[in-house]
Amino acid sequence: MRILRWFFLKNNLAFFIYLVLTLSIASVLFSMAVSSLLGILAFLAFLLYSYKYGVVTSQRNNFLFILLIFPFILTLINLLYTSSCEDAPLDLILKEINIVLFATPVFFIQRISKKELSLLLHVFSYFVLLAFLLSYIKGINLYLATGRFMYFGDLKEIALIQHNYLCLYGLFACAIWLKGLLSKRSGFLGLFVLVKVAIVISFIFFVSSRTAIILSFILFIGFVFFLAKERTGKLRMAYVVLCAIFFFGILIFQSPNTIFRFKRVLDDKNNPRTTIWRCSVMLVDENSTFFSGMGRSCIQENLNTCISSFSTRKDWLGLHAHNQILFFLLRFGYLQTFILVMILLYFFYLAIQERSFIFLILVSTILVFGLTEIYLTRRFGILYYSFFLSTFLKNKKI
């Protein structure tokens, strides 16, 4: 009974909800089912918290909450006036309602302390590190069997999840670790930080993940900028030098593969994205208006038809628009897309205003990642967007 009373204390129950939400997004790297079960457990705990202590509200939190879940609100509105040849309405709602389920507990329970939040972020980061280590082990086993080391074409066998999302999680974990080097008490533990960062960054460059390489440069530039604002000691400057040597050393080592991968962006015969983007723009011109888009009305079917007119590659059929803004334009139209982009830019402004390194990297990764992926239709992206943005919008000065 004493343990139960301790567990149901307001602060402890709030921390438990945050912990389970963190474990839910971390476990998606290993098991979608476990992640879903943990997400349900966190929401049930939130209902218990609400019944026992009530919800915590304020005008600011309510406003930010509406902004964050606005994509889901627009999806519900679109259900009213568009038909579908793809997902049934209930399937679509169940797929995207995680935006609400993961944001609601964070916004409507009390804040947790900086120390508690730092602990949770590091729990997430070590799950990510484990995922990268396991991917390396699978890559080494494949190398011993085939002679190919971390070849991009083998990523489905190497990476635990789709490599773009694995790299996205990895770069955010790097931001969490590098935040420690901005502390005046970083000490020689900074070497351990650099080892962890090296594991993630080297994987990104070995597999030549283009978007992740761009994001890693943004991460490094942001880190140097924030470090320059501090009174930088000799030891921390040494960390920066070591980081730079490793960063550019691995880039030079992998330069032929990396250059080849970036050149393929403009190769219509081997890279589906240029064809998909061209078709998406054509569909936007033909179907989207200022106030409305195609909704759920056979976007993928129309894309497939257009792709077939430009390419004979059957394996490209079924690929989505690979750009979050283009997808918004296709589904919602120009006005709603403009509002959604302004919301993301507003979050970016808040990150600058807060002068929070991790928050700024979080929003930057969401903005850049959205140029090549549709993250709000995949559980990996939805959880990243909804939980971490909610956490940093609710808990200031992290």
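Residues numbered from 1 in each chain as written. Predicted model: local features only at pLDDT ≥ 70, side-chain atom pairs only at ≥ 80, totals over all residues. Heavy atoms only, no water.

Draft legend 1. Structural view of the overall build of the protein chain. Of the regular secondary structure elements, the protein chain holds 20 helices and zero strands. Across the protein chain, contacts joining residues at least 24 apart in sequence account for 79% of those joining residues at least 6 apart. Carbon together with sulfur atoms contributes 69% to the accessible area of the protein chain, which is approximately 18600 Å² in total. (Helix = DSSP H or I, 4+ residues; strand = E, 2+ residues; numbered from the N terminus. Contact = heavy atoms within 4.5 Å. Areas by Shrake-Rupley, 256 points an atom, 1.4 Å probe, with all protein chains shown as cover.)

Draft legend 2. Summary view of the packing of aromatic side chains. Summed over all chains, the structure comprises 27 aromatic pairs. Each ring, one from Tyr346 and one from Phe347, has its centre 6.5 Å from the other, and the planes form 45°; the classification is tilted. What links up through ring pairs into an aromatic cluster is the set Phe124, Tyr169, Phe172, Phe359, Tyr384, Phe387, Phe388 and Phe392. Across the ring face of Phe310, the terminal group of Arg278 is positioned such that the distance to the ring centre comes to 4.9 Å. (Phe/Tyr/Trp six-rings, centres within 6.5 Å; stacked < 30°, edge-to-face > 60°. Lys NZ or Arg CZ within 6 Å of the ring centre and 35° of its normal.)

Draft legend 3. Main features of the state of the cysteines. In total, this model carries one disulfide according to the counting rule given. Across the disulfide from Cys279 sits Cys306; the S-S distance is 2.3 Å. With the S-S bond torsion at -85°, the cross-link from Cys279 to Cys306 turns out left-handed. Linking Cys279 in helix 15 (residues 272-287) with Cys306 in helix 16 (residues 299-310), this pair joins segments that are 27 residues apart in sequence. For Cys306, a relative accessible area of 10% puts it in the buried group. (Disulfide = S-S within 2.5 Å. Buried < 20%, exposed > 50% of the residue type's maximum accessible area, 1.4 Å probe, protein only.)

Draft legend 4. Structural detail: the nonpolar core. Membership of the largest hydrophobic core comes to 110 residues, with the highest contact counts inside it found for Tyr169, Phe172, Phe203, Phe347, Phe357 and Tyr385. Per-element accounting of this core gives the leading share, 14 residues, to helix 10 (residues 163-181). Each residue touching Tyr169, except ones within four places of it in the same chain, is listed here: Ile25, Val28, Leu29, Phe124, Val128, Phe380 and Tyr384. Listed in part, the 16 residues of the second largest apolar core include Cys279, Val284, Leu326 and Leu329. (Core = buried A, V, L, I, M, F, W, Y, C linked by side-chain atoms within 4.5 Å.)

Draft legend 5. A look at the packing of helix 15 against helix 17 (residues 324-332). Between helix 15 and helix 17, whose axes approach to 9 Å, the crossing angle comes to 30°. Judged by the inter-axis angle, helix 15 sits roughly parallel to helix 17. Between helix 15 and helix 17 lies a crossing whose hand is left-handed. Of helix 17, the residues touching helix 15 (which contributes Trp277, Ser280, Val281, Leu283 and Val284) are Leu326, Leu329 and Leu330. (Axes fitted to C-alpha atoms, helices over the stretch in contact; angles between N-to-C directions. Parallel < 35°, antiparallel > 145°, perpendicular 65-115°, else oblique. Left-handed = near helix turned anticlockwise from the far one by under 90°.)

Draft legend 6. Representation of the pattern of salt bridges in the model. Counted according to the given criterion, the structure contains two salt bridges. Here Glu373 makes a salt bridge to Arg273, at a shortest N to O gap of 2.8 Å. Here the residue Glu373 occupies a position in the loop between helix 19 (357-369) and helix 20 (379-394), and Arg273 occupies one in helix 15, the gap between them amounting to 100 residues. Of the two residues, Glu373 and Arg273, neither departs from the other in class, the shared state being buried. (Salt bridge = Lys/Arg side-chain N within 4 Å of Asp/Glu carboxyl O.)

Draft legend 7. Examining helix 19 more closely. The end-to-end C-alpha distance of helix 19 is 18 Å, a good match for the 18 Å that 13 residues give at a rise of 1.5 Å each. For helix 19, the tally of buried residues reaches twelve of 13 residues, placing the bulk of the element in the interior. Considered for burial, the residues of helix 19 that qualify are Phe357, Ile358, Phe359, Leu360, Ile361, Leu362, Val363, Ser364, Thr365, Ile366, Val368 and Phe369. (Expected span 1.5 Å × (residues − 1).)

Draft legend 8. Layout of the environment of Leu129. Here Leu129 shows up in helix 8 (residues 114-146). Sequence spacing of Leu129 and Ala173 is 44 residues, and the spatial spacing of their C-alpha atoms is 7.9 Å.

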